[in-house]
Amino acid sequence: MNCYTWLSLLLTLGQLQPCLPSMQNHNTHKMKQPSATLQRVKRGWVWSQFFVLEEQILTEPLCVGQLKSDSDKHDGTFKYILTGDGAGSIFTIDEYTGTIHVTQKLDREEKPFYTLRAQAINRNTQLPVEPESEFIIKVQDINDHEPKFLDGPYEATVPEMSPEGTSVIQVTATDGDDPAYGNSARLLYSILQGQPYFSVEPKTGVIRISSQMDRETKEQYFVIIQAKDMVGQMGGFSGTATVTINLSDINDNKPKFQQKFYYMNISEAAPAGSTIGKIMAEDSDIGENAAMNYVIEGDESLVFDIITNNETQEGIVILKERVDYESKRRYSVRAKAVNRQMDGRFMKEGPFEDTTIIKISVEDADEPPVFTSQNYVMEIAEGATNGSLVGAITARDPDNANSPIRYSIVHSTYLKRLFSINAHSGTIIITKLLDRETAAWHNITVTATETRNPEQISEVTVYVQVLDVNDHAPEFPKHYEIYVCENARSGQLIQTISAVDKDDSVEGHHFYFDLAREATNNSNFTVRDNQDNTAGILTAKNGFSRQEQFAFFLPVLIVDNGTPSLTSTNTLTVSVCDCDTEASAESCRFGAFMFSMGLSIETLVAVSACILIILVFFLAMLVLRQRRKQSLFPDKPEEFRENIVRYDDEGGGEEDTEAFDISALRTRTVMREHKSRRNITTEIQSLYRQSLQVGPDSAVFREFILEKLKEANTDPTVPPYDSLQTYAFEGTGSLAGSLSSLGSSMSDVDENYDYLTERGPDFKQLACMYDPIKSATD
C-alpha cells in the first residue's frame, strides 16, 4: 500500500507533493481528491492538514507526504527541516527530498492529531529560503473499540401491574472511537434477555414494560441489553449490560382466612380481658399493603373483641365481659379482616376483606357467691336499742349446685362489737348503742361463703348511716371573757355571744337566747336575741362600782329548734373594770384574773414583798460563798495580783462628800500621793453648778479626757492591762438631765403623788402606798 492512499493534496504554485516512489511516472489522476491545501505566500507555503490511519501495523516507515519548494532546483542546496509533535521520533523527513514518513503505529484515542512545522533552508548560507509553515497530521479513526456500559450493572424498581410502555430505566453505553468520523461510535441498543416483559428503545437505551407483571408471581427480573456500534451492521463491536428489575408491591390482593370456622373454649371463671384464642387471615401483599384490622360483627362485639398483632398480623380474640355458663353456653361470633390500605384501581374487583365464624364454648366452673348488689347502704337512728334491725343482705350460688351461703363480718373487732349478722339470713342488727356525734357512718365488710366449698368466698361493703336524734343541748362555742367599765351607760353592748349544737339539723340550726328564770329580776344586764343565732349582752343601768362588786354571774338560756327542742343554761362572768376614756381592757383583764384566783391587791403586795425578801437573801448567800472561795488562797496574793482588783473604800451615799474629790477631774496636774479626807461640800456644790454650763462639746471636757488617757498610758503603777474608764456628766447637754439631789431641798414628805393617778388604776394604788395622807383619806 503506497502513500497515495493516505495523502490528499491541493497543489498550487508552491507545492506539497505526494510521496513519489521510483514509479514517478504513474498517473496522478488516480489519487483521491485532496483534503490538504497549500497556499502561496510569495515563495512559500502554508500547510493545512494530513491524515494517517490509526493502528496501522508498520514493517517499515510509511510515507505520509513530501515537502517541496518551487525554488528547489534539485541540486542539493536546499535542506528540509521538520519540527513539532513527534518530529524526529514518530515522524521523519528526508532533508534532500522533503519526504515525510511515520515510523510508529498511531492510536487516535491516545492522541488524535499532531502539530508540526516545516522549513526549507539553504545549505550553504543556512538561511531560510521559505518561511516556516505549520501543518497538522490527523490520525484517522478506525473501529477499534467496543461499546461499554460504564454505569452497569443496573438495578431498577417498578410497581407491579404497571401498564405497557411504562419507563423503567435508561442505560447508556460509550464507545472510544471518533463519533465525528464514520459509524464507529454510532451505537444501537437491543434486548437479548427479558422479553416479552421488557423492551428497549434502540437509539436512547430506555427500557420499558411490554406487558403487565404480578409481583406475587415473580418479583425480580434479569434483563440483558446489548449496545452495538456501526449502527448495528455486521462486523461491528458490541457490549452488554445486566439490568436487575424489581417489582414493588401494590395492594392488589385481599385478605383471606385460612379456615372458615374456628373453635375455642372459655371458662366462665375467666376474668374480663382474658385471651380466648387467635385467628389469622393471609394476604399475598407485603408491608403496609398486607396490614389488616380484625373486627367482630353483631351483638357479640359486646362480649368479645379482637386485637390485631401488627407484627404477626394475627387476630387475638379476648373476653370483653365475663360469661356465665348457666346463662349461655355457646357463642357464634362473626369476625372480619379488612385491609387498612386501599388501592382505588382494584376496588372494582370487590371489597378487600374476608369473614370467618368463631365458635366459642363456655365451660362450667365453680364460682363464688354473687351478691344482689355491689354494695349496700343502710340507715338506723342513733340511740336505737340493742338488737334493732339495720338491714339485710342477700347472696346466691350462681352454679347449678346452688350451695347454701353463710354470712359473717370481717376485718374489724370494733365493728363486731357494734353489729351482728345472722349467718343464714344475712340480717344485720346492732349490739351496742350508736352515737352519731361519735361516728356518723360505719363501713362493714361482709363475706358470703359457700358451705359446700368454703374456698368460694365473696365480699361486699355495707355502709351504715347513723341518723341524727336531737340529744345534745346547745352551748357556747368558747369561754367568753366579758368586761364592763364602772362608767358604763345603760343599754351599752358589752359582748356578742353565739351557740353551737353537736346535733345535725336537717333544716339548719336556729337558736333562741334569753335570761334564765333565776336572772329575770336582775337589773344589771339584759340579753337581746339577734335572730341570727347570736345575741348581745347589754347593760341595764348606768355605772358599776368595783368596790361593791367585782364580778357578776349572768345565766343565759339557749334553746334549739330540734324535735323535741332542748334547752341549756350557760353562765357568763362579767368583770367590772375601773376604766377611763383612755384605758384599755388589759388592766381589766388583769384584775379579773386576780379576782378569779381569789387574790386581793393587799394579798398581791404581800406576796410580792415575800418574794423580794427571798431573792435578796439568796443573793447574799451567793456573795458570802464567793468571798469564802477567795479566802482559800491567803498565802499567795502575788499570783492573783494581775487578775483581782480590790476596792476597800465605800461611800456614805449622796450625803458623803468626802468619798472622792471631784476637783481632781478638773485639774491639769495629777497628784499620786495620798491625801487626807477633808470637807469639800461647798466645793462640790460649786462644781455642780459649773457642770450645768459644760456640754459634751466643751473644750475643757475634751482636754480632760485626753489628759486622763495619757496619764493612764504612762503611769507605771497601774496594773499591766488596759482599763476602760467612762466619764459621764449630767446637767446641760445631758440626755438624762440632772439626776443629782444635791440641790434639792424637797423631802419625801413634801412630794405630791396625785399625778400618778392620772396614769391609770395600777399607778393609783402606787400613789396610795407612797402618800400616807391620801391612803388614810381613802
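For the structure, see preceding data.
Residues numbered from 1 in each chain as written. Predicted model: local features only at pLDDT ≥ 70, side-chain atom pairs only at ≥ 80, totals over all residues. Heavy atoms only, no water.

S.K.: Would you explain the overall build of the protein in this entry?
M.R.: The secondary structure content of the protein amounts to seven helices and 41 strands. Split into buried and exposed, the 778 residues of the protein put 35% on the buried side. Relative to all contacts within the protein whose residues are 6 or more apart in sequence, the contacts with residues 24 or more apart total 66%. Carbon and sulfur atoms form 51% of the exposed surface of the protein, whose accessible area is close to 48,000 Å². (Helix = DSSP H or I, 4+ residues; strand = E, 2+ residues; numbered from the N terminus. Buried < 20%, exposed > 50% of the residue type's maximum accessible area, 1.4 Å probe, protein only. Contact = heavy atoms within 4.5 Å. Areas by Shrake-Rupley, 256 points an atom, 1.4 Å probe, with all protein chains shown as cover.)

S.K.: Would you mind going over the sheet that holds strand 12 (residues 167-170) with me for this structure?
M.R.: Pairing between sheet strands relies on hydrogen bonds along the backbone, with the strands arranged either parallel or antiparallel. Here three strands make up an open sheet; going across it, the order is 12-15-14 and the pairing antiparallel. The sheet is open, and its two borders are formed by strand 12 and strand 14 (198-200), each paired with just one other strand. The mean angle between the axes of side-by-side strands here comes to 25°, regardless of whether they run parallel or antiparallel. Sheet topology note: the strand 12/strand 15 (residues 206-209) ladder contains three bridges and is antiparallel. Paired with Gln 170 across the strands is Val 206, a residue of strand 15. (Pairing = 2+ DSSP bridges. Axes fitted to C-alpha atoms, helices over the stretch in contact; angles between N-to-C directions.)

S.K.: I keep staring at the pairing of strand 8 (residues 99-102) and nothing clicks. Help me out?
M.R.: A regular strand carries its side chains on alternate faces of the sheet. Where strand 5 (residues 62-68) meets strand 8, four bridges bridge the pair, whose relative direction is antiparallel. Its bridge partner being in strand 8, Leu 62 is matched across the sheet by Val 102. Sheet topology places strand 7 (residues 91-93) next to strand 8; three bridges connect them, and they run antiparallel. Of the residues in strand 8, the one forming a bridge with Ile 93 is Ile 100. Taken together, strand 7 and the strand that follows it, strand 8, pair antiparallel across an intervening segment of five residues, in which Gly 98 is found at a positive phi of about 80°.

S.K.: Is there a simple way to think about the packing of aromatic side chains in this case?
M.R.: By convention here, two paired aromatic rings are described through the distance between centres and the angle between planes. In total, this model carries eleven aromatic pairs according to the counting rule given. An angle of 50° between the planes, with centres 5.2 Å apart, marks the rings of Tyr 197 and Tyr 221 as tilted. Placement of Tyr 197 in the loop between strand 13 (188-193) and strand 14 and of Tyr 221 in strand 16 (residues 220-228) is noted, with a sequence separation of 24 residues between them. Each ring, one from Phe 525 and one from Phe 552, has its centre 5.6 Å from the other, and the planes form 70°; the classification is edge-to-face. Of the two residues, Phe 525 sits in strand 38 (residues 525-529) while Phe 552 sits in strand 40 (residues 551-559), which places them 27 residues apart along the sequence. Residue Phe 525 shares its accessibility class with Phe 552, and that shared class is buried. (Phe/Tyr/Trp six-rings, centres within 6.5 Å; stacked < 30°, edge-to-face > 60°.)

S.K.: Hey, could you run me through the pattern of salt bridges in this one?
M.R.: When their charged atoms lie close together, side chains carrying opposite charge are able to pair. Counting across every chain of the model gives 13 salt bridges. Lys 79 is paired through a salt bridge with Glu 95; the nearest N and O atoms lie 3.8 Å apart. Taken together, the residues span a long stretch of sequence, with Lys 79 in strand 6 (residues 78-84) and Glu 95 in the loop between strand 7 and strand 8 at a distance of 16 residues. Under the relative-accessibility criterion, Lys 79 is labelled partly exposed at 24%. In this structure Glu 95 comes out as partly exposed when scored by relative accessible area, which is 27%. As a salt-bridge pair, Asp 249 and Arg 215 come within 2.9 Å of each other at their nearest N and O atoms. Separated by 34 residues along the polypeptide, Asp 249 in the loop between strand 17 (238-248) and strand 18 (256-257) and Arg 215 in the loop between strand 15 and strand 16 bring together distant segments of the chain. Taking the relative accessible area as the measure of exposure, Asp 249 reaches 15% and is therefore buried. (Salt bridge = Lys/Arg side-chain N within 4 Å of Asp/Glu carboxyl O.)

S.K.: I'm lost on the state of the cysteines in this one. Help?
M.R.: Going through the model one piece at a time under the given rule, you end up with one disulfide. One disulfide in the model links Cys 485 with Cys 579; its S-S distance is 2.3 Å. Note on the Cys 485 and Cys 579 pair: the S-S dihedral is about -100°, so by sign convention the disulfide is left-handed. Taken as a pair, Cys 485 in strand 35 (residues 482-485) and Cys 579 in the loop between strand 41 (567-577) and helix 2 (586-596) lie far apart in primary sequence, 94 residues in all. On the accessibility criterion, Cys 579 (12% relative accessible area) is buried. (Disulfide = S-S within 2.5 Å.)

S.K.: Explanation requested: unusual backbone geometry in the structure shown.
M.R.: Of all residues except glycine, most have a negative phi; of all peptide bonds, most are trans. Note the cis peptide between Gly 152 and Pro 153, where omega equals -5°. On the secondary structure map, Pro 153 appears in the loop between strand 10 (133-140) and strand 11 (154-159). Note that the residue after Gln 195, namely Pro 196, is joined by a cis bond; omega there is 10°. Relative to the assigned elements, Pro 196 resides in the loop between strand 13 and strand 14. For Asn 533, which is not a glycine, the phi torsion comes out positive at approximately 70°. Checked against the element boundaries, Asn 533 lands in the loop between strand 38 and strand 39 (534-539).

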